[in-house]
Amino acid sequence: MAVTSKSITLYIITHLCLVSGVLSQQQETEFLHHGFLKGNILNYGSTKILPSGILELTNTSRRQMGQAFHGFPIPFNNSNSSNPLSFSTSFVFSISAPGHGLTFMISPTMDFTRAMASQFLGLFNASNNGNSTNRILAVEFDTVKSNEFLDIDGNHVGIDVNGLVSVESAPAAFFSNRHIKNITLKLSSKDPIRAWIEYNGVEMVLNVTLAPLDISKPKLPLLSRKMNLTEIFNDKMYVGFSASTGNMTSNHYVIGWSFSREGKAKEFDLTLLPSVSAPSPSKLDDFDLISDTPSDSATANPKRTKLIIIYTLVIMFFMM
């Protein structure tokens, strides 16, 4: 049988679809970002990606809130997985002043338009805070004490389930492997801080660990909580960050992010992380932002580019 141009085109389209599907699955379960200029990140509210590649959730304006998510949902409650519901993530963040804090969250939705700023951290509002239907796990890095949420102080880390009254919290600190003791960390020092959040689905234990960026991972976590996340999570969930300001304001930055649905999240190459000393967009005029920020096409998700190629080939096939 003679090989026609149509059959060749159809062959190419089929294989591109298969490759795209495989790559999409990889992106949905594991990723590593040294900065976010090329990251598959969806931004909401005040969030933007600075020319340096830093993800800025809020600037120094009052009563702001911003969220940012990995662009695809992550499969969590997967019965075919060899490691049900385990995950590992690590990220580097910086908070310039106490007001109000940021969270890492796992949520069934990316729609937080009804959330509030200030003490609600861009996660909840006065009506839905604490509702079991939220199905949200968050780890908060809180820099303002909120008595209504029973905060222990104005510099703490907490594990939140469906609301902002933490099920476990502790003053921000890291365990010094050298001195064999906890050393206090000021979350709002502007110094880059690295966090590790790891869940063991077999032991059903969530660990949260902190350290300054130039310190190796502590042997002991700051928080360790026994919990069954299968009672909270849907089959697919979104992973991301939120932050807010109130009367007190702050730059909330995420500098790098590593995530893995199964196994340990990949390590950062610290030399590839953008510097937090890069100028804030509030100090740049519109021309600087436009000329220095890559265009949408330059920062487009590789999957989107593959789909454009596939669609083009499909059109060519039917026109032949």
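The structure this text deals with has already been given above.
Calculation rules
- Residues numbered from 1 in each chain as written.
- Predicted model: local features only at pLDDT ≥ 70, side-chain atom pairs only at ≥ 80, totals over all residues.
- Heavy atoms only, no water.
- Pairing = 2+ DSSP bridges.
- Helix = DSSP H or I, 4+ residues; strand = E, 2+ residues; numbered from the N terminus.
- Salt bridge = Lys/Arg side-chain N within 4 Å of Asp/Glu carboxyl O.
- Buried < 20%, exposed > 50% of the residue type's maximum accessible area, 1.4 Å probe, protein only.
- Contact = heavy atoms within 4.5 Å.

K.L.:
Would you mind going over the pairing of strand E4 (residues 55-58) in detail, with residue names and values included?
P.N.:
In this structure, strand E3 (residues 48-49) lies alongside E4, joined through two bridges in antiparallel fashion. Within the sheet, the bridge partner assigned to Ile49 lies in E4 and is Leu55.

K.L.:
Give a detailed account of the pattern of salt bridges, specifying residues and quantitative values.
P.N.:
Counted by the stated rule, this structure contains four salt bridges. Between Glu267 and Arg194 there is a salt bridge whose closest N-O contact spans 3.2 Å. Linking Glu267 in the loop between strand E18 (252-260) and helix H2 (286-292) with Arg194 in strand E14 (residues 193-200), this pair joins segments that are 73 residues apart in sequence. In this structure Arg194 comes out as buried when scored by relative accessible area, which is 8%. Across the pair Lys264 and Glu267 runs a salt bridge whose closest N-O atoms are separated by 3.3 Å. Its relative accessible area of 42% is what places Glu267 among the partly exposed residues. Salt bridges sharing common partners tie together Arg194, Lys264 and Glu267.

K.L.:
Hey, could you go over the environment of Gly101 for me, with residue numbers and the actual values?
P.N.:
Here Gly101 lies in strand E8 (residues 101-107). Other than its neighbours up to four places away in sequence, Gly101 contacts Leu121, Phe141, Asp142, Thr143, Ser242, Ala243, Ser244 and His252.

K.L.:
I'd like a rundown of the pairing of strand E5 (residues 65-70), residues and numbers included.
P.N.:
Burial within E5 is extensive, with five of its six residues counted as buried. For strand E2 (residues 41-45) and E5, the ladder comprises five bridges, and the chain directions are antiparallel. The partner of Leu42 across the bridge, within E5, is Phe69. Bridging between E5 and strand E17 (residues 236-244) involves five bridges; their strand directions are antiparallel. Following the sheet pairing, Ala68 is matched in E17 by Phe241.

Everything listed here is a matter of coordinates, which is why it stays silent on function.
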